[in-house]
Amino acid sequence: MAQNVKKIQNVNKAQNVWKTTVRLAERLHGQRVRLTIVGISIIIYVGLSIWNPVYSAKVIDLLWTNIQAAWKSGTPFAITWDHMGRELFQLTVQYFFTWIFYYLQSYLMANVAETLTCTLRTEISCKLNRLPLRFFDRNKAGEILSRVTSDLDKVAEVLQTGLLKLIVAIGTIIGSLIVMFIYSVPLTLIFLLFMLAAILVTKAVSRMSLESAAARQETIGVLTGIAEEYYKGRDVIKAYNHEQQSIEQVKKAAEENRIANQKADFLTNCVNPLIRLLTRLAHVVVAVIAGKAMLDGTMTVGVVQAFFQYVNQTAEPMTEASYMINSLQSAIASAERTFELLDETEEIPDKEAAADIARAEGHISFDHVSFGYDPDKLLMKDISFHAEPGQKIAVVGSTGAGKTTLINLLMRFYEINSGNITVDGVPTTEMTRSGLRQNFGMVLQDTWLFGGTVAENIAYGKPDATREEIEEAAKAAKVDYFIRTMPKGYDTVLDNEASNLSAGQKQLLTIARVFLCNPPVLILDEATSSVDTRTEVEIGKAMKKLMKGRTSFVIAHRLSTIRDADMILFMEKGNIIEQGNHKELLAKDGAYAKLYYSQFE
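Residues numbered from 1 in each chain as written. Predicted model: local features only at pLDDT ≥ 70, side-chain atom pairs only at ≥ 80, totals over all residues. Heavy atoms only, no water.

**Student:** Quick question: what am I supposed to make of the nonpolar core here?
**Tutor:** A general trend in soluble globular proteins is that nonpolar side chains are found buried together. Within the largest apolar cluster, 57 residues are counted, with the highest numbers of intra-cluster contacts made by Leu116, Met180 and Phe191. Secondary-structure elements contributing two or more residues to this core are helix 3 (32–73), helix 4 (85–130), helix 6 (141–183), helix 7 (185–232), helix 9 (243–296) and helix 10 (301–342). With residues near it in sequence (within four places) discarded, Leu116 still touches Leu24, Arg27, Leu28, Gln31, Val155 and Leu159. Among the nonpolar cores identified, the runner-up in size contains 44 residues, and Val396, Leu522, Ala565 and Leu585 belong to it. (Core = buried A, V, L, I, M, F, W, Y, C linked by side-chain atoms within 4.5 Å. Buried < 20%, exposed > 50% of the residue type's maximum accessible area, 1.4 Å probe, protein only. Helix = DSSP H or I, 4+ residues; strand = E, 2+ residues; numbered from the N terminus. Contact = heavy atoms within 4.5 Å.)

Following this line, the structure appears as structure tokens:
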């Protein structure tokens, strides 16, 4: 538990508060006019908040004097413009402008905060497109999304409420206490004594709330993990008759979460009644002493009611100060994490005079290429091979041998440490990334479809494609018939996970996407791994037609699918240990031959 509390404290605490605050302030330079108006509004609002009770004391005393005079003289009490009307109108106008300037500062600060959030989100979106693949390898998707969503929401929320409240509270508290000391030093000291107790209680509850938040976060994580695990494994659970055991485990995790939530919610909700109790006790003590002062003639009715106004507008901000400061610290920590993302090392920019090949012929060469995620620990050493236009290059090997890494280097998702990779004789480092990648079509084992229509998903690589072109690509991928059985055919909307499609259907749609792009170089990473044998044969025929005249790189585990390859690269531990065609490698009776025969024993 202590470790979880410490982790939460570290997450909610910035490592360099001043530097982050300065950078955040620099992002607000473009909104100086709004911020200036906000500052002026705060000054006027705080000034009116302090002046209103003073003036109301004058009005109440005048009103009380006039009522007493009318009662003693036996004449009816009446209010006219010259007789109390002017003063009451002025007080009303002051309260009205107090509201106006509160509304103005709140509205403009919300505008400032949301504009800042929008700007930072746009910068992060652009930044993510410029980050190398290694960044995404070492960062979880949830952590990145958290910085884009919850962290920025927290910054905006605190700018709109927390920061504004804190600035207003500081000004109001200082001004109110000065007037309170002028009215009565003893009463002010008594009030501050009660407020000190309230602040200590708030800090204690805040500390306990942090501990309960850690417990709640931990139990939610356990419960979510169990629920996700059981949902994915529901078929296995049913097959082994483990329904009752799984229910018991969920009930146990849910009960622990309920207890943690109950404690956290209690601590969150109990502090305000406790603070109000202390505030009411302060009111009672102040009322008793102020009442005696009125009887003694040392304080007037107007002054007493004004003093209570100051008590009310000072008590709550003083007790909420710790929460305001905590929320500010949390917001700065969130801003710091956002700036850390924006400061990440980007991809090496394209050269100014970089070349672009509109449509490559398909000459691909690796010349003594070396690569490592860590420069001191090379994964690949001295990789060399050459692919001619129209050749089918198969890349095989065990899991983790470096097959996908080889393709990533070809697509320039990673930068090589040494050597050269060329397309039609042009080094890929001398080309723009977009110009290089427009010559490749990829079908990966892990399919990706976005929320949109079936037609839009197929046309992802060619947005200007006509419906006829889209349908032709679907027919080539043997997916046209299936699409037409869907509720709205090609206009059927898929959700962002395409949960209404099977794995094989998703794969067919991504294959259709490549057919439509018609690229000169193909990359197929187990492209038919999720389809049935009959469909695989049909796709194989279409792929063979598609690959004709195009250079193709095929990553395969089933060696029967790549026997017709012009060149087979057998990889092991990041290196090519054998290369040649199927017959040549079988004749060598090496690693490839052993793997091939093992699949057909």
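Okay, back to it.
**Student:** Honestly, unusual backbone geometry in this entry has me stumped. Any pointers?
**Tutor:** Residues other than glycine predominantly adopt negative phi, and peptide bonds predominantly adopt the trans conformation. At Asn518, a position not held by glycine, the phi torsion is positive, near 55 degrees. For Asp589, which is not a glycine, the phi torsion comes out positive at approximately 55 degrees. Note that Asp589 resides in the loop between helix 18 (582–588) and helix 19 (591–599).

**Student:** I keep staring at the pairing of strand 10 (residues 551–555) and nothing clicks. Help me out?
**Tutor:** In regular strands, side chains alternate between the two faces of the sheet. By the criterion of burial, strand 10 is predominantly enclosed, with 5 of the 5 residues buried. Burial of strand 10 is two-sided: the residues Thr551, Phe553 and Ile555 facing one way and the residues Ser552 and Val554 facing the other way are all buried. Judged from the 4 bridges that link them, strand 3 (residues 392–397) and strand 10 form a sheet pairing that is parallel. Bridge pairing in strand 10 places Lys392 opposite Ser552. Examined bridge by bridge, strand 9 (residues 521–525) and strand 10 share 5 bridges and lie parallel to one another. Among the inter-strand pairings, Asp525 is bridged to a residue of strand 10, identified as Ile555. (Pairing = 2+ DSSP bridges.)

**Student:** Any chance you could explain the sheet that holds strand 11 (residues 567–572) here in plain terms?
**Tutor:** The strands making up a sheet are joined through hydrogen bonds of the backbone, oriented either antiparallel or parallel. Reading across from one edge, 6-9-10-3-11-12 is the order of the 6 strands in this open sheet, with mixed pairing throughout. Looking at the sheet topology across the chains shown, the edges are occupied by strand 6 (440–443) and strand 12 (575–580). Strand-to-strand twist of the sheet, defined as the mean angle between neighbouring strand axes without regard to direction, takes the value 20 degrees. Packing against the sheet, helix 19 makes contact with strand 3, strand 11 and strand 12, and its axis sits at approximately 95 degrees to strand 11. (Axes fitted to C-alpha atoms, helices over the stretch in contact; angles between N-to-C directions.)

**Student:** When you look at helix 3 in this model, what are you seeing that I'm missing?
**Tutor:** Because each turn of an α-helix spans 3.6 residues, side chains separated by three or four positions in sequence point in the same direction. The end-to-end C-alpha distance of helix 3, which contains 42 residues, comes to 60 Å, matching closely the 62 Å that a straight helix rising 1.5 Å per residue would cover. Taken as a whole, helix 3 carries its principal kink of about 30 degrees at Trp51; the proline Pro53 stands between one and four residues after it. (Expected span 1.5 Å × (residues − 1). Bend = angle between axes of the 7 residues up to and from the residue.)

**Student:** I would appreciate a short explanation of the pairing of strand 1 (residues 364–371) in the present structure.
**Tutor:** Strand 1 sits mainly inside the fold: 6 of its 8 residues count as buried. Two elements, strand 1 and strand 4 (residues 418–423), share 5 bridges in a ladder whose sense is antiparallel. Note on strand 4: the bridge partner recorded for Asp367 is Asn420.

**Student:** Got a minute to help me understand the environment of Ala110 in this structure?
**Tutor:** Positionally, Ala110 belongs in helix 4. For the pair Ala110 and Val158, spaced 48 residues apart in sequence, the C-alpha separation works out to 10.0 Å.

**Student:** Hey, could you run me through the environment of Gly162 in this one?
**Tutor:** Following the sequence through the fold, Gly162 ends up in helix 6. Look at Gly162 and you get buried, because its relative accessible area is 8%. Taking C-alpha positions, Gly162 is 64 Å from Lys544, a pair spaced 382 residues apart along the chain.

**Student:** Hey, could you run me through the environment of Phe385 in this one?
**Tutor:** Relative to the helices and strands, Phe385 resides in strand 2 (residues 380–387). Distance in space between the C-alpha atoms of Phe385 and Val369 is 9.7 Å, their sequence separation being 16 residues.

**Student:** Would you mind showing me how to read the pattern of salt bridges here?
**Tutor:** Where side chains of opposite charge bring their charged atoms close, a pairing between them can arise. Scanning the model with the defined rule gives 19 salt bridges in all. Between Arg27 and Glu123 there is a salt bridge, with its nearest N and O atoms 2.6 Å apart. Pair noted here: Arg27 is in the loop between helix 2 (17–26) and helix 3 and Glu123 is in helix 4, with a separation of 96 residues, a long-range link. The exposure class of Arg27 is partly exposed, given its relative accessible area of 28%. Note on Glu123: relative accessible area 28%, which makes it partly exposed. Ionic pairing is found between Lys127 and Glu346, a salt bridge with its closest N-O pair at 2.9 Å. Of the two residues, Lys127 is situated in helix 4 and Glu346 in the loop between helix 10 and strand 1; the sequence distance between them amounts to 219 residues. Among the charged side chains, a salt-bridge network with shared partners connects Glu347, Asp350, Arg412, Glu415 and Arg433. (Salt bridge = Lys/Arg side-chain N within 4 Å of Asp/Glu carboxyl O.)

**Student:** Explain the packing of aromatic side chains to me, please; I cannot follow it from the model alone.
**Tutor:** Aromatic ring pairs are described here by two measures, namely the spacing of the ring centres and the angle between the planes. By the definition in use, this model includes 16 aromatic pairs. On the numbers, 6.0 Å between centres and 40 degrees between planes, the contact of Phe96 with Trp99 is tilted. Of this pair, Phe96 and Trp99 both sit in helix 4, 3 residues apart, which is roughly one turn of the helix. For Trp99, a relative accessible area of 49% gives the class partly exposed. (Phe/Tyr/Trp six-rings, centres within 6.5 Å; stacked < 30°, edge-to-face > 60°.)

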